[in-house]
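# Descriptive analysis of the structure
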Amino acid sequence: MKRDNTRYKVFGIFLLSIFGFMVSAQQSGSQKVPLGDPFILYYEGQYYAYGTHGSDGIEVYTSDDLQTWEGPVGAHNGYALHKNDVWADQWFWAPEVYSVNDKFYMYYSANEHICVATSDSPLGPFVQNKKQAMIQDEKCIDNSLFIDDDGTPYLTFVRFNDGNNIWIAELENDLMTLKMETLRPCIHVSQAWEEEWARVNEGSFIVKQNGVYYMSYSANHFKSPLYGVGFASAKNIMGPWEKFEGNPILQKPDGLAGVGHSAMFKDKDGKLRIVFHAHQSNSEIHPRCMHIGTVGFEMEDGKEIMTIDDDFITPVLK
């Protein structure tokens, strides 16, 4: 008697569908944007994301909507900055890119020194005409540019003289040379939540709101699930800086672990956003992945404070 295989075919199709769904889910889960210490530049209708990931330099990804990204698409085989064009050959971390007077400046760390390179395009190649660190005789990381309303440029960065702590200095008009005589301390580890695993204040970024300077920063060791973001404020950019007593303002949102090293930018609608990384999962740190939230300001006890909305997005690759 001939066997009727219809139900077995249907069941087989069902199993293949389930398997396909599981594979698709696994693939989509692995397609998050793999950037630690992320930074987003919005320029001429396009978003550019840079971060810590590649061993040979700094990669760049692009997006039209912040949700889906393509890359890496840098000028040098996916890299916006490649080690052949700059000083140092390892540990390329925490890049930030700014467009100033038709030139692009990338501030980044390499071999635990702060550096800056330039390009004519946000895709690179970013190069150094003089292959050297900004401070040659001292290890520092996490340099971040802020240009004040009067045009004065400043650089904040981490020094290793009490764990990781944040300092500030003016820059010359070339945006590449530090005025070392202006170097001042900003913040150091001083709140209980900041001493998980290590004494760390790092990843600073400054915005100005209603005449007040707000500095976001990260604390704890980046490997800790309790890595998080706090903020300090000042009426004078050179200090004194006062930390918010309610810190952290971002820590383990909706189950994410190890969130931090953030930077802020305005999206195409003018909304202030914050980009940060998180661990790959609650059990795996690497590759860290990029997430994007929204920044607000609200009154509390007569003072304006910075807030980060818990409703974040997790971008994915096309």
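As a starting point, this report considers the structure included with it. (Residues numbered from 1 in each chain as written. Predicted model: local features only at pLDDT ≥ 70, side-chain atom pairs only at ≥ 80, totals over all residues. Heavy atoms only, no water.)

A few words now on unusual backbone geometry. With an omega dihedral of 5 degrees, the bond running from Gly124 to Pro125 counts as a cis peptide bond. Along the chain, the position of Pro125 falls in the loop between β8 (113-119) and β9 (140-147). Looking along the chain, the bond that leaves Gly239 and enters Pro240 is cis, with omega of 5 degrees. With respect to the helices and strands, Pro240 occurs in the loop between β15 (228-234) and β16 (242-243). Residues other than glycine seldom take positive phi values, yet Asn77 does so here, at roughly 50 degrees. Phi is positive for Asp142, which is not a glycine, with a value near 60 degrees. Among the structural elements, Asp142 can be located in strand β9. Looking at Asp142, the relative accessible area reads 6%, which means it is buried. (Helix = DSSP H or I, 4+ residues; strand = E, 2+ residues; numbered from the N terminus. Buried < 20%, exposed > 50% of the residue type's maximum accessible area, 1.4 Å probe, protein only.)

A word on the packing of aromatic side chains. In total, this model carries 14 aromatic pairs according to the counting rule given. By the ring-pair criterion, three or more aromatic residues cluster together here, those being Phe39, Tyr98, Tyr107 and Phe205. Sitting over the ring of Trp167, Arg159 keeps its end group 4.4 Å from the ring centre. (Phe/Tyr/Trp six-rings, centres within 6.5 Å; stacked < 30°, edge-to-face > 60°. Lys NZ or Arg CZ within 6 Å of the ring centre and 35° of its normal.)

Turning to the sheet that holds strand β3 (residues 57-63), a few remarks are in order. On the basis of which strands lie adjacent, the open sheet formed by four strands has the order β1-β2-β3-β5 and antiparallel pairing. Both outer strands of the open sheet, β1 (36-43) and β5 (79-82), are each paired with one neighbouring strand and no more. Within this sheet the neighbouring strands show an average axis-to-axis angle of 20 degrees, counted without direction. Bridge count between strand β2 (residues 46-52) and β3: five bridges; the pairing is antiparallel. Counterpart to Ala49 in the pairing with β3 is Tyr61. (Pairing = 2+ DSSP bridges. Axes fitted to C-alpha atoms, helices over the stretch in contact; angles between N-to-C directions.)

Taken as a whole, this structure holds 12 salt bridges when the rule is applied. Of the charged contacts in the structure, one is a salt bridge between Lys208 and Asp148, with a shortest N-O distance of 3.0 Å. One end of the pair, Lys208, is in strand β13 (residues 201-209); the other, Asp148, is in the loop between β9 and β10 (153-159), with 60 residues separating them in the sequence. A salt bridge links Lys179 to Glu170; the nearest nitrogen and oxygen atoms lie 3.5 Å apart. A relative accessible area of 21% means that Lys179 is categorised as partly exposed. (Salt bridge = Lys/Arg side-chain N within 4 Å of Asp/Glu carboxyl O.)

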